[in-house]
Every structure is written in C-alpha cells, then in structure tokens.
Amino acid sequence: MRFWRIDTNAQTLVLGSDGGMACCHYWGAPLPADQGLADLVAAGTGGITGGMLDQLPPLSLLPEARRSFPGQPGLVAYDTDGTPLEPAWALQSADQDDGLTLVHAADGLTLTHRIRPQPHGLVAITASLTADRPIRLHWMAAAALPVPPHMDQLTELAGRWTREFQPVTSDLDHGGRIRDARTGRSGHENPPHLWLATAGTTHMRGEVMALHYGWSGGHRMVVEALPEGRRQIQLGHASGSERAAATRFDSAEMLLARGDAGLNSVSIPFQRAIRDRLPHARQPRPVHYNGWEAIYFRHYAEELSEIAARAAALGAERFVLDDGWFGRRDDDTTSLGDWQIDPRKHPHGFQPLIDRVQELGMRFGLWVEPEMINEDSDLFRAHPDWVLGPADQIRGRNQLHLDMTRTDVRDHLFTRLDAILRDWDIDYVKWDHNRLTPFPDAGQTRGVYDLLDRLRAAHPAVEIESCASGGGRIDAGILTRCPRVWLSDSNDALERLRIQHQAAAFLPAVATGSHVGPRDCHTSGRVLPMALRAWTAAQRHLGFEMDPRELTEPEAETLTRVTTWWKANRDWMLAGDIWRLDRPDGALAEMQMAADGSRLVIFAATLESPVAVQPPALRLTGLDPTARYRLRMIEKPLGHHTSHTAISRGEVTLTGAALMAQGVALPPAFPQTVAVIEGMRL
C-alpha cells in the first residue's frame, strides 16, 4: 500500500492501494504547505522516528469537540465521575509497516488508528482507545471520512421482518443524518452497509464509495454537510453500547471500497472479500431441506421420515430439524433455554431420525436459539438472575434475552450445546435470534462471539448459520464465524428476489441461503409458480422449505430439474461473482460469472407488468470485449405464444463488446416469470 501526501486545505489524509483510493480527515492544526505525512513516513523503512515527531502538529483521525469543530465529534467519553474528556491529542508515533498506524496521546489516554489494505481493493480502518484509569465511552467512530462534494447521494439499507435490505436514497444537500441502530444486532431496520454515489449511479455506471461496519451489535452512522461545505461520515458502535467503565475500547472494522463503474465496482470487491473471510464450509454446498414451514412444532417420527424421503427424492442433501425438538416446546411460549431433547417427541433421541436421513443420503442439521430464554423453562426457574434487563421489560416473541456478558451463562450454554454436538452426528446448526436486546450492549455481542468461537474450536466440522428472525444479523463480523446466513424468513419469491438482489451489495452467493417455499406463501399469502420459486432459490445457496408432499407432479418435475441443474453448476457459481444488471422498474436481472470468466448464467425476472410489451435489450457487463460468447436460454419465461426473440429460438453467439454495448433481446414475458440464460466464453 502507498500513502500520498496530506491535503492541507481540505484537512484530509489521502491514501491509496492497488484497488483504489480512500480518504480520512485529520482534525489537527494545518500542516505547513510544503509538508505532508507521506513526506515524513519513509515508505517501507519503518515510519516516523526521532526528531520527525517534532515537525508534526497535533493530528487525529477523529473530529475534536475541543477545537470548536462545528460538526459531530468522533469521540465522546467521560471520567467515571461524569466529567467530559476533551483530550488535546498529540501525535506520538506513525508506522507504515503493514499499512498505516497512527498513535495519539493525551492526558493518560492513547488513541490508535490502524488503516490496512485488504484483498480485492478494500481498506479496513479501526480505532482503539486506552486509558490509564477506567473511563466511560459513549461514542467512538472507527474514523471520520470526507464525503467528496460530487457524491451527493446517500443510500442506506433499511427494512423489516420478511422485507429486508430495502435501499433508501437521500440527497446530501445540507444538515446531518444520524442513524443509531440500538436493537443489539445488525438489524433488519438498519444493516451496517451503505454507499455514497454521484447522481444517476446505477449498477453499471457512476462513481460510488461503499462503507460497511463489521459489527453484529448495532451501529451508529453520522453523515453531515457542514456550513462551510465540508461533509463527513462516521461509523462506530451504537452510542451508549459500552455500558461498563473500562481501560480499553475497540471499534470494529470499517471497510471501504471505491469504484467508478457503478455499484458493481464496489459490490464485487465486497463479495470477494467476504467470501475469503468465511469459515470453512462443507463442499460442495449441500441442498438444504428445512421442515419449519411443513410441520412447525409438530414432530412425529413417521411424518418426519415420510417428509425426509420426499425431500431426498427431490434432491435434498441436508435435512434440518427446526424449532420444537427440546424441553416441552409445543409453541413459542415455553422451553427456550432447556436444550435437552423432548422425550415425548424423540423418545430414542435423534438417532432414529439421523439413521433415516443418512440412509436417504442426507446429512442432519439442527435449529437452536441459545441466547434466549422463556419464563416457562427450567433454566429460568433455576436462574432468573441470568436474564438481561429489568423484570418489567417488554417481551418479544414471548421470550427474554440471556445476559451473554456473564461467563457462567456462556459456560452453561457451551456445556449444553457441546453435549448435543458431541452425542449426535450433526454437521450444521441454524443459530437463531428472535428478539431484540432490551438495550444496546456491546458486551452482549462480544459474549456471542466468544461462545461461537468456543463451539467452532470444539466442533470445527460443524457449520453454523446466522439467523435472526431472518436477516436481522448479517454483517462482516458474524460472517467470520458463520459460513451461511438466512437472508429472510420470507420465502415469497418476489420478495426474495428483491432482498437477495440488494444484499448482493456485499453478500456473496455462497453465504446466502435461499429456499423454495410453500405454494401458498406463509408470510405473504401469494401463490407463485414453481419455476419462479425454484429459479429464485437457485441464484444462491439452494434449499427447500415446504411440505414436499403438497407438490403436484409438474411442480415436483420442475423443482427436480432446477435442483439437478444447480448441483451441476454450484461449484463455479458459488466461487464466482454476482454482477447486477440495469433493468427498468418492475424487473430485476443479474449475471453470475465464474472467477475465470469462462462461464456465466443470467437470471432475468419480470416482477410486474412492463410499460412496453418488448422489454429493453439486456446489456451485460464485466465481459472480455474481444471474446465471443455463446448464449442459450434454458428457461423461457411464460408469455404470449408470439413472444419470441433470437435467444428464445436457439443459441446466439456475440462478442463481449456487443453484449455490453447493445445487449441481448429478451422475449416479452408475463409478470412473475423468469428467463434463465447460460453463457460460455469461446
């Protein structure tokens, strides 16, 4: 990584890597016009030493309230008696070994910023604060970044249960926007990924900067346009989430990417970086079957065996037993915390079901929700003091949250879960989180990380999926521990198409679970055709989540055909990139391309009735302009009998330049249909 000089007028440290450029504010006194930090940091020779420190004024990567800074400060902390801390930072050292480390000191405090190049052109920035006595931290940003004036569009991801990852765009014209996600997890409401872009930016054109805060416990975002014209953005833990006085505080990583070829130019680096960080997962990725929307809490051995046989015949390779197997769990009011098999439902433990599942050629997986407790449980009766928050707090889904900051709580959960994973042949755990914390608490997140890390060390072959009422805990922090995330509790294919399309802003296909749901969708009431449901799930890590006995023969044939196709293509697809394509309102399209560019598949969905009968040509991106590509349609969308184009009649061969400039003509299609096109570079 190479670092450029400081821009003294804009008070900005400009740094670059092989994949792009990032900027950080510094908030000290201006440097002399002929002097910059990069001039004083000898590249590759050990950094600033000796008398060089005397040449530098106070310098910090966080805005300082004590200097009459007119915007939001990057650090708010107090002594334990409530006295505000307003340190006068002085640069103590700077080191360019493996990135850039800046260390500042003041009044018994040390503030360290680390800026590190990451694979695929990302930059990671972190902040650490240490003190010579316990202090209280209200807010600390990982860094404050300048927002270039021409990037005047802020897009955040928002949402709710069954409607996650919805983009919301606002103009950065004046004033500030502060988002404090205080639910104790990444959140449906405000997942920690956002981007700044020029007006008119699309998936395939425009300049954009994407930021992600890799933390699973809630975050705070500050974006503001200052009166004199400067703009800044900060990301850090949710304010007030460090509830205990301490002598050390650490931010999570703030990840940054910048590109000038539309959202794809930052989303694909994020996909690749996240994919590289994922813990080991079983390969090839198995087709899931989850029985939740088939049986809910109803566990009968004969019925489970029958469903397993039907799922295996459709192509399932892993059978997941969801909620209802433990304690006396017949509904959602009881038994959370009692992680012992219910002898009424499984009198011989899991072994008969595991034997049946393995006889059918599948692996066995299990649902748990370790962080939660019901008041109607043996654990609550024994340890009511283990509950997080006051007794009169509002309940969520009839349950309370365990205090994960307590070592005895984590030890108890580890003992129970370790015994289950040791005693039974389980290769996958769906780890759920179905209510919010009563208040933000960073210690809760650290406790969850600790428990996950202990279980992974004890059972390295077991995959753990992150689920939080669907997509409520998806971020770069949890993804270093869980190789799969459950994107949404909605199995409605129309909703799922939108959700997974937007989540591809940073999520790779290999980490994204997507299931074919029931004919009558349990979360929306829609009835959608099997072709749309199956091909939607086939765009990510494929699974089924319905009663397979409900399928008609044509539905079963379609699902089996799509599943067979997915198995034949999953290896290169899940190791490749998701290129989102520009389409008119009411339509979505994306291209998944192999890492070496030799193969691709295009999914083009028509969600609503189009304005024009003939859709605009589908322009591709990311191809070799000089190469020739052969395309063939393997799923023709339902439309009028006269709805044909060249691609729907047979193979088409065009150059990459032609496909990117002119595109390929799709046949007119009815709503709720999908076209699937395979491509090969010749």
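See the structure printed just above.
Computed from a prediction, not measured in an experiment: that's the story for all the values here.

Conventions and cut-offs
- Residues numbered from 1 in each chain as written.
- Predicted model: local features only at pLDDT ≥ 70, side-chain atom pairs only at ≥ 80, totals over all residues.
- Heavy atoms only, no water.
- Buried < 20%, exposed > 50% of the residue type's maximum accessible area, 1.4 Å probe, protein only.
- Helix = DSSP H or I, 4+ residues; strand = E, 2+ residues; numbered from the N terminus.
- Pairing = 2+ DSSP bridges.
- 1 Å grid on protein atoms, 1.4 Å probe; cavity = no way out; pocket = protein on both sides within 12 Å on 5 of 7 lines; lining within 4 Å.
- Points joined across faces, edges and corners; volume = space filled by probe spheres on them.
- Nonpolar A, V, L, I, M, F, W, Y, C, P; charged D, E, K, R; others polar.
- Axes fitted to C-alpha atoms, helices over the stretch in contact; angles between N-to-C directions.
- Contact = heavy atoms within 4.5 Å.

## Here we look at the pairing of strand β8 (residues 123-146)
- Burial of β8 is extensive: 18 of the 24 residues sit out of reach of the surface.
- Where strand β4 (residues 75-79) and β8 come together, 5 bridges link them in antiparallel fashion. Directly across from Asp 79, in β8, lies its bridge partner Ile 135.
- Strand direction decides the pairing type here: β8 and strand β17 (residues 254-259), joined by 3 bridges, are antiparallel. Pairing of Val 123 across the sheet is with Leu 256, part of β17.
- Alignment of β8 against strand β16 (residues 246-250), held across 4 bridges, turns out to be antiparallel. Within β16, the position partnered with Leu 129 by the bridge is Phe 249.

## Some points on the layout of surface pockets
- Empty space within the largest pocket amounts to approximately 670 Å³.
- If you go around the largest pocket, you meet 28 residues; those closest to its centre are Pro 167, His 203, Gln 502, Arg 583 and Asp 585.
- Here the lining of the largest pocket is composed, by residue class, of 10 nonpolar, 12 polar and 6 charged.

## Some words on unusual backbone geometry
- Note the cis peptide between Gln 283 and Pro 284, where omega equals -10 degrees.
- For His 120, which is not a glycine, the phi torsion comes out positive at approximately 70 degrees.
- The topology assignment puts His 120 in the loop between β7 (109-117) and β8.
- For His 120, a relative accessible area of 36% gives the class partly exposed.
- In this model, Arg 397 sits at a positive phi of 50 degrees, which is unusual for a non-glycine residue.

## Considering the sheet that holds strand β20 (residues 363-368)
- As summarised here, the arrangement of the 8 strands in space is β18-β19-β20-β23-β24-β25-β26-β27, forming a closed barrel in which the pairing is parallel. In this sheet, neighbouring strand axes are inclined to one another by 30 degrees on average, regardless of whether the strands run parallel or antiparallel.
- Where strand β24 (residues 463-466) meets strand β25 (residues 484-486), 2 bridges bridge the pair, whose relative direction is parallel. Directly across from Ser 466, in β25, lies its bridge partner Val 485.
- Contacts between helix α4 (residues 301-314) and the sheet are confined to β18 (288-290), β19 (318-321) and β27 (541-544), with β19 contributing the most and set at about 145 degrees to the helix.

## Things to note about empty space enclosed by the protein
- Taken as a whole and judged by the stated rule, the model has 7 cavities of 30 Å³ or more.
- Taken as a whole, the largest cavity holds about 90 Å³ of empty space.
- As for the largest cavity, its lining consists of Leu 137, His 138, Trp 139, Met 140, His 237, Ala 238, Ser 241, Glu 242, Phe 249, Asp 250 and Ser 251.
- Among the elements of the structure, β8 and β16 are those that each provide at least two residues to the lining of the largest cavity.
- With 4 residues, β8 is the single largest residue contributor to the lining of the largest cavity.
- The residue inventory of the lining of the largest cavity, partitioned by class, reads 5 nonpolar, 4 polar and 2 charged.
- Around the second largest cavity, the lining residues are Leu 366, Val 368, Leu 417, Ile 420, Leu 421, Ile 426, Val 429, Trp 431, Leu 455 and Ile 464.
- Examining the composition of the lining of the second largest cavity, we find that 3 residues originate from one element, helix α7 (residues 407-423), more than from any other.
- Among the residues forming the lining of the second largest cavity, the class breakdown is 10 nonpolar, no polar and no charged.

## Thoughts on the environment of Thr 183
- Within the secondary structure, Thr 183 sits in the loop between β11 (175-180) and β12 (193-197).
- A sequence separation of 254 residues divides Thr 183 from Thr 437, and the C-alpha atoms of the two residues are 5.9 Å apart.
- The contact partners of Thr 183, leaving out residues within four places of it in the chain, are Glu 189, Leu 436 and Thr 437.

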